[in-house]
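# Chains, contacts and geometry: an overview
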Amino acid sequence: MISAFAPGKCILFGEHAVVFGHPAVAVAVDHGVTVSVSESKDWVLEGKPFLKDRHPHISHILENVFQYDGAPLCIDIESSLFSAAGMGSSAALSNALAAAIQCHLTPDEPLDGVKLARIAHSAEASAQKGRASPTDTATSALGGCIVVSDTRVDGTRHIFDTELDTPEGKRHWSVSAVDIPEDLEQSWLVIGYTGEGSSTGSMVAKVADLVSKNPEKMGDLESIGKITKAGLTALSAGNLEALGMAMDACHHKLQSLEVSSNKLDMLVLAARPHSLGAKLTGAGGGGCMVALTTDPKRTSEAIEVAGGIPMISKLGSEGVRIS
Ligand code: MEV
């Protein structure tokens, strides 16, 4: 049996705006998805017959990427992420599955983070009607802190470029890494789950619709782009206060794009007095918020009292690996 683990991600800045080419900053978290594969008599997923139409990410990776024609597989998935909650669980699943299948087919070939990031992005795009930035997939594959933008961003280490035909036209992204300074080691992320699931594909489609009907909303996407750059400067300098302020500002613009919810706003407000900054993270509409804090216990308690489910993580865990 082969098992691979891929971390989930937390977007610090730039969700939604990144789909339109603006920059986004995301970190890999300590929690993630483990996929185990072993040969079997029949195709089995999680102890049940594998129905490929119900699992577009898995079918895409097996059929379109690996053109798998070997023995049937028994696939098991274990996740410590909240699912459909903006933590990149489908990106982590795609990365862990692709790593496990590669190791099953060619055990001596070392894992290549960039190759896996591209595979997982193609799986996300095929499952999200062609609208997916490489943010979730690259962060889960490469680990650490990842910046995704349509142009190269100063002060980052360029890793690879990628593009995608979306219903809104061709998009190009540059994927880079940023080293997390030591000053940030005294800080934690507390991710607060609202308990309400949300579909990334429909939230991304909702923003596309909002912007096409109200072109002035493009201004919010541009503001998120500017806040992201300021946040990145603060992060690179290890300036926790400025980093938190930029997170607060980003949440405000996401509210204007109508991707927040009452529960997300409630958890953000509850966390703020005990943190440096707080915002929704990921697609919104439900899912999770995130707070940056030096007192993760206190922040977790505040989120829990407000009805959320907290999860603590350091910033920038390692990327996909055989476990
Ligand atoms: C989802 O985690 C992040 C979004 O920006 C979508 C994407 O980047 O593909 C909402």
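Before reading further, recall that the structure is shown in the block above.
The text that follows walks through the structure, step by step, so that each part is easy to find. If you're wondering where the values come from, they're calculated on a predicted model, not measured in any experiment.

### Describing the site of the ligand
- Around the ligand there are 13 residues in total, and Lys9, His16, Val18, Ser133 and Asp136 lie nearest to it.
- Taking Lys9, its side chain carries an N or O atom lying 2.9 Å from an oxygen atom of the ligand.
- Within the side chain of Asp136, a nitrogen or oxygen atom sits 3.1 Å from an oxygen atom of the ligand.
- Across the complex, the protein chains shield 98% of the 300 Å² of accessible surface that the ligand would expose by itself.
- Among the elements of the structure, β1 (2-13) and α5 (200-213) are those that each provide at least two residues to the shell around the ligand.
- Class assignment of the residues belonging to the shell around the ligand gives a composition of 6 nonpolar, 4 polar and 3 charged.
- Residue-level mapping places the shell around the ligand at the junction of two domains, with at least three residues from each of domain 1 (2-147) and domain 2 (182-314).

### Concerning the side chain of Asp136
- Of note, Asp136 is situated in helix α4 (residues 135-142).
- Excluding residues that lie within four positions of it along the chain, Asp136 makes contacts with Lys9, Ile11, Gly88, Ala91 and Glu124.

### Focus on the packing of helix α2 (residues 89-105) against helix α3 (residues 113-127)
- Contact geometry of α2 with α3 gives a least axis separation of 9 Å together with a crossing angle of 125 degrees. In this view, α2 runs oblique relative to α3, as classed from their interaxial angle. Along this stretch, α2 crosses α3, giving a crossing that reads as right-handed. Each of Ser90, Ala91, Ser94, Asn95, Ala98, Ala99 and Gln102 in α2 lies in contact with α3, whose residues at this interface are Lys115, Leu116, Ala117, Ile119, Ala120, Ala123 and Glu124.
- When grouped by side-chain class, the residues that make up the contact of α2 with α3 number 8 nonpolar, 4 polar and 2 charged.

Reading the values: the criteria
Residues numbered from 1 in each chain as written. Predicted model: local features only at pLDDT ≥ 70, side-chain atom pairs only at ≥ 80, totals over all residues. Heavy atoms only, no water. Near = heavy atom within 4 Å. Polar contact = N/O pair within 3.5 Å; in protein donor to acceptor, adjacent residues only side chain to side chain. Areas by Shrake-Rupley, 256 points an atom, 1.4 Å probe, with all protein chains shown as cover. Helix = DSSP H or I, 4+ residues; strand = E, 2+ residues; numbered from the N terminus. Nonpolar A, V, L, I, M, F, W, Y, C, P; charged D, E, K, R; others polar. Domains from an automatic or database assignment. Contact = heavy atoms within 4.5 Å. Axes fitted to C-alpha atoms, helices over the stretch in contact; angles between N-to-C directions. Parallel < 35°, antiparallel > 145°, perpendicular 65-115°, else oblique. Left-handed = near helix turned anticlockwise from the far one by under 90°.

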